Amino acid sequence: MVVAREDFDIPVAVRPKRLTKRQRQRRSTLVALSFIAPNFLGFLIFTLGPILFAFALAFMHWDGSNAITFAGLDNFWRLFSDRSFITAFWNTLIYTAVSVPATLCCSLGLAVLLNQKLKGRNFFRAAMFFPYVASLVAVAVVWNMIFNPEMGPVNMLLYELGVDPKNLPGWAASNSWAMVTVILFGIWKSMGYYMVIYLAGLQGISPELYEAADLDGANGWQKFWYVTVPQLGPTTFFVSVMLTIQSFKVFDQIMLLTEGGPGTSTLVLVYHVYNEAFISWDLGYSSMVALVLFLMVLTVTVVQFRLTRED
Amino acid sequence: MVKKPLTLFGQKIRLKTIALYVLVIAITVVMLMPFVWMLSASLKLDRDVFAFPIEWIPSHPRWQNYVDIWTKIPLALFIYNTTKLTVIVTLLQLFTSSFAAYAFAKLRFAYREVLFLAYIATIAMPWQVYMVPQFVEMRALGLNNTHLALICLQAFTAFGVFLMRQFYMSIPDELCEAARIDGMNEYQIWFRIMLPLSKPALSTLTIFTFVSTWNDFLGPLIYLTKTELKTVQIGIRMFITQYSTEYGLIMAASMVSLVPVLIVFLALQRFFVEGIASSGLKG
């Protein structure tokens, strides 16, 4: 009885169902979609949706509570008469033009220095990297205290060194020094990160090149200039693209160090987006400013794509 | 005759090495100076913080600062909030990213390229461009002033999917094929084969997500206005604006906010460096 029953049961349960090709395809698509769904749904609702909304909103008037009205190109024309926008645009470009090459040089220098055989090399690398992961709010407040124009240790030291009190830099509190302060802070905070990328690039350079340079009697400086720098070309390109995009988006450190001031001396694009949206509740115009930021980042990305393809 | 140039040569090398160490140590000191100053100031009375010349090791360390910060502001609550957010976001990010990445790397299905293109197209899109409409949307969903808003905001990034997919692409397809022949289904292959193999990529993603969630400033600034919901970053920011002259306390609170990141960083430092070196991209 038992045997007979098993005989009867097994084939039905185990016999593979003959699925048509279409059914099989459908099933594998369903499986694949079930893998993607948890992430994609979140991505669709919270990233893709808002992005499309942002493009539409740039051509609307909206204060966030009343009805949305179509604005055509109003927001676009307003960019040209908005003094704050023009200032923010230039400040962003100035910030980028100074901080990108400066950070690049510092991180390359650090990488070359810490690529040599040193005792405690890993400790030094970690120390350089730490500002990058340290919480911004904490380091910004300590930075502002150290660079406090009246009492901070930096100005005290400068005073001791004989700088006339009238000529002491006002750092974050003065129109002419605020941008310098913000840039210095940015370099200090991020150069460890790019140093690590450069270190990876340095390790990819074939030692034979240096041996060949040694045979030719090159000194350290020549080896750096004629072997290291050209060999690091792709890394430098990558780092400069990333730095440029980061600089276009700069906001947190400015909010925390200077709040865009004094006056508008450190007002940057994202700060303007933030102000127009969450202070003035002019969501349409704020999206138009954000669109400018997007176009700037897009330009850099397209240039990067073109250039890397040519290689 | 032979010895002389050798010793000279040896001496020259030694000088160079000394110079190198001096330079490296000097740069390290400058880089770490703000943290040392912070630690030193956190143990001082407010009026002593700016005393010059700087007293690096306070003669009467004021440990009271580290007691007062817990009562002056709900720092423990802030840390709890941030920890909760960070853990949830990191877990969600790891799970959904590696899950989706498996399909993009190892499964064939209709519209795979189109869907992946949607991710790629947004990877270079700065969050700042769409933060305003995103806020409006969250508000419409009733998520303003909730932690859920920040979780939704950070847990489903294109970056995570991209990073994991790149890693899975480097795992040979034959491994999956063999597992399929052995009768594993796709979920089992993901869980038993892909996840254990992708530890390096997972730890890279963990570190990036942990640091960016813990240190996020603009997100919580926009979404959280109720004190009891605030994270460490904006909580300390609030404290700084309220008690702007209580330097000792501000420094103590800042020190405390650095500790979790410092611990994670020291524990996973090796992965940090390897992770960045291998992936190199985080916007």
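No experiment lies behind these values; they were computed from the predicted model shown.

Calculation rules
- Residues numbered from 1 in each chain as written.
- Chains lettered and ligands numbered in written order.
- Predicted model: local features only at pLDDT ≥ 70, side-chain atom pairs only at ≥ 80, totals over all residues.
- Heavy atoms only, no water.
- Helix = DSSP H or I, 4+ residues; strand = E, 2+ residues; numbered from the N terminus.
- Rg over C-alpha atoms; globule rule 2.2 N^0.38 Å.
- Buried < 20%, exposed > 50% of the residue type's maximum accessible area, 1.4 Å probe, protein only.
- Contact = heavy atoms within 4.5 Å.
- Areas by Shrake-Rupley, 256 points an atom, 1.4 Å probe, with all protein chains shown as cover.
- Lys, Arg positive; Asp, Glu negative; His and termini not counted.
- Charge placed at Lys NZ, Arg CZ, Asp CG, Glu CD.
- Buried area = accessible area lost by both parts, 1.4 Å probe.
- Salt bridge = Lys/Arg side-chain N within 4 Å of Asp/Glu carboxyl O.
- Polar contact = N/O pair within 3.5 Å; in protein donor to acceptor, adjacent residues only side chain to side chain.
- Nonpolar A, V, L, I, M, F, W, Y, C, P; charged D, E, K, R; others polar.
- Phe/Tyr/Trp six-rings, centres within 6.5 Å; stacked < 30°, edge-to-face > 60°.
- Domains from an automatic or database assignment.
- pLDDT = per-residue confidence, 0-100.
- Core = buried A, V, L, I, M, F, W, Y, C linked by side-chain atoms within 4.5 Å.
- Expected span 1.5 Å × (residues − 1).
- Bend = angle between axes of the 7 residues up to and from the residue.
- Axes fitted to C-alpha atoms, helices over the stretch in contact; angles between N-to-C directions.
- Parallel < 35°, antiparallel > 145°, perpendicular 65-115°, else oblique.
- Left-handed = near helix turned anticlockwise from the far one by under 90°.

**Q** Which parts of the structure should I look at to understand the overall build of chain A?
**A** Each helix and strand counted, chain A has 14 helices and two strands in total. Since a compact globule built from 311 residues should have a radius of gyration of about 19 Å, the 28 Å found for chain A marks it as more spread out than a globular shape. Projected onto the principal axes, the alpha-carbon positions of chain A cover approximately 105 × 70 × 45 Å. Each of the 311 residues in chain A was classed as buried or not, and the buried ones make up 48%. Across chain A, the fraction of contacts at a sequence separation of at least 24, relative to all contacts at a separation of at least 6, is 67%. Per element, the accessible surface of chain A, about 16200 Å² overall, is 63% carbon and sulfur. The centroid of the 21 positive side-chain charges in chain A is displaced by 16 Å from the centroid of its 19 negative side-chain charges.

**Q** Is there a simple way to explain the overall build of chain B in this structure?
**A** Check the secondary structure of chain B and you find 13 helices and zero strands. In chain B, the succession of helices and strands from N to C terminus is α-α-α-α-α-α-α-α-α-α-α-α-α. Taken over C-alpha atoms, the radius of gyration comes to 25 Å for chain B, far larger than the 19 Å a tight globule of 283 residues would show. In terms of principal-axis extent, the alpha carbons of chain B reach across some 75 × 70 × 35 Å. Counting across all 283 residues of chain B, residues that qualify as buried make up 53%. Excluding contacts between residues fewer than 6 apart, the proportion of contacts in chain B whose partners are at least 24 apart in sequence is 72%. Summed over its atoms, the accessible surface of chain B is roughly 13600 Å², and 69% of this surface lies on carbon and sulfur atoms.

**Q** Help me understand the interface of chain B and chain A in this model?
**A** Accessible area lost during the coming together of the parts is what is often quoted as the interface size. Each partner contributes to the interface: chain B provides 88 residues, whereas chain A provides 87 residues. Both sides of the chain B and chain A interface together cover about 7800 Å² of buried area, and 80% of this is carbon and sulfur. Among the residues chain B hides against chain A, the three largest losses belong to Met31, Phe50 and Phe52 of chain B. Together they make up 9% of the total. Between Arg237 of chain B and Glu259 of chain A there is a salt bridge, and its shortest N-O distance comes to 2.8 Å. Inspection of the chain B/chain A interface yields 11 residue pairs in polar contact (both at pLDDT 80 or more). Taken together, the residues of the side of chain B that touches chain A break down into 69 nonpolar, 13 polar and six charged.

**Q** I keep staring at the packing of aromatic side chains and nothing clicks. Help me out?
**A** Aromatic rings considered in pairs are described by the distance between their centres and by the relative angle of their planes. Residues and elements named next belong to chain B. For the coordinates displayed, the defined rule picks out 48 aromatic pairs over all chains. Ring geometry for Phe95 against Phe99: centres 5.0 Å apart, planes inclined by 25°, an arrangement best described as stacked. Of this pair, Phe95 and Phe99 both sit in helix 3 (residues 75-106), four residues apart, which is roughly one turn of the helix. A ring pair is formed by Phe95 and Trp190, whose centres lie 5.9 Å apart and whose planes are at 75°; its orientation type is edge-to-face. Highlighted residues: Phe95 in helix 3 and Trp190 in helix 9 (residues 186-197), separated in sequence by 95 residues.

**Q** Would you take a moment to explain the domain arrangement of chain A for this structure?
**A** Each domain of chain A was delimited in the assignment, giving domain 1 (2-57) and domain 2 (74-310). A straight line from the C-alpha centre of domain 1 of chain A to that of domain 2 of chain A covers 46 Å.

**Q** Looking at this model, I keep getting lost on the confidence of the model for chain B. Mind explaining?
**A** Of all residues in chain B, 91% have pLDDT values of 70 or greater, and the mean over the chain is 82. Throughout residues 1-7 of chain B the model reports pLDDT below 50, and contacts reaching past four residues in sequence, or to other chains, amount to zero contacts.

**Q** Looking at this structure, I do not really get the environment of Lys44 of chain B. What am I missing?
**A** You can see Lys44 of chain B is positioned in the loop between helix 1 (3-41) and helix 2 (64-72). Along the backbone, Lys44 of chain B and Phe78 of chain B are 34 residues apart, and their C-alpha atoms lie at a distance of 24 Å.

**Q** When you look at the nonpolar core in this model, what are you seeing that I'm missing?
**A** Nonpolar side chains tend to gather and get buried jointly when the protein is soluble and globular. Membership of the largest hydrophobic core comes to 189 residues, with the highest contact counts inside it found for Trp37, Tyr102, Met131, Tyr168, Ile222, Tyr223 and Met251 of chain B. Residue contributions to this core peak at 15 residues, all from helix 8 (residues 178-203) of chain A. Ignoring sequence-local partners within four residues, the contact set of Met251 of chain B consists of Val141, Val142 and Met145 of chain A together with Trp37, Met38, Ala41 and Ser42 of chain B.

**Q** Explanation requested: the domain arrangement of chain B in the structure shown.
**A** Residues and elements named next belong to chain B. Partitioning chain B into domains gives domain 1 (3-61) and domain 2 (66-279). Taking only C-alpha atoms into account, the centre of domain 1 sits 35 Å from that of domain 2. With 11 residues of domain 1 at the interface, the matching set in domain 2 holds 11 residues. Summed over both partners, the interface of domain 1 with domain 2 buries about 820 Å², with 78% contributed by carbon and sulfur atoms. Its largest share of buried area at the contact with domain 2, domain 1 owes to Met38, Ser42 and Asp46, together 58% of the area lost on that side. Joining domain 1 to domain 2, the criterion identifies zero salt bridges. Seen at the junction of domain 1 and domain 2, the total is one residue pair in polar contact (both at pLDDT 80 or more). Residue composition of the side of domain 1 that touches domain 2, by class: eight nonpolar, one polar and two charged.

**Q** What exactly am I supposed to notice about the confidence of the model for chain A here?
**A** Detailed reading of the predicted coordinates is not advisable wherever pLDDT falls low. All names here are of chain A. Summary statistics for chain A give a mean pLDDT of 84 and a share of 94% for residues scoring 70 or more. Here helix 1 (residues 2-14) stands out as the element of chain A with the lowest mean pLDDT, 45, in contrast to helix 4 (residues 83-114), whose mean of 93 is the highest. Note that pLDDT drops below 50 for residues 1-13; the model gives that stretch two contacts with residues more than four away or on any other chain.

**Q** Please clarify how helix 2 (residues 21-57) of chain A should be interpreted in this entry.
**A** For the α-helix, the turn length of 3.6 residues means that residues three or four positions removed from each other point alike. Relative to the 54 Å expected for 37 residues at 1.5 Å per residue, helix 2 of chain A spans just 46 Å between its end C-alpha atoms, considerably shorter than the ideal helical length. The sharpest bend along helix 2 of chain A reaches about 50° and sits at Ala37 of chain A, with the proline Pro38 of chain A one to four residues further on.

**Q** Honestly, the packing of helix 9 (residues 207-215) of chain A against helix 10 (residues 220-231) of chain A in this entry has me stumped. Any pointers?
**A** How two helices pack is summed up by the angle between their axes together with the distance between the axes. All names here are of chain A. The geometry of helix 9 relative to helix 10 is characterised by a closest axis approach of 10 Å and an angle of 160° between their N-to-C directions. The angle between helix 9 and helix 10 falls in the class roughly antiparallel. Along this stretch, helix 9 crosses helix 10, giving a crossing that reads as right-handed. Facing helix 9, whose interface residues are Leu209, Tyr210, Ala213 and Asp214, helix 10 presents Lys223, Val227, Thr228 and Gln231. Looking at side-chain class alone, the contact of helix 9 with helix 10 contains four nonpolar, two polar and two charged residues.

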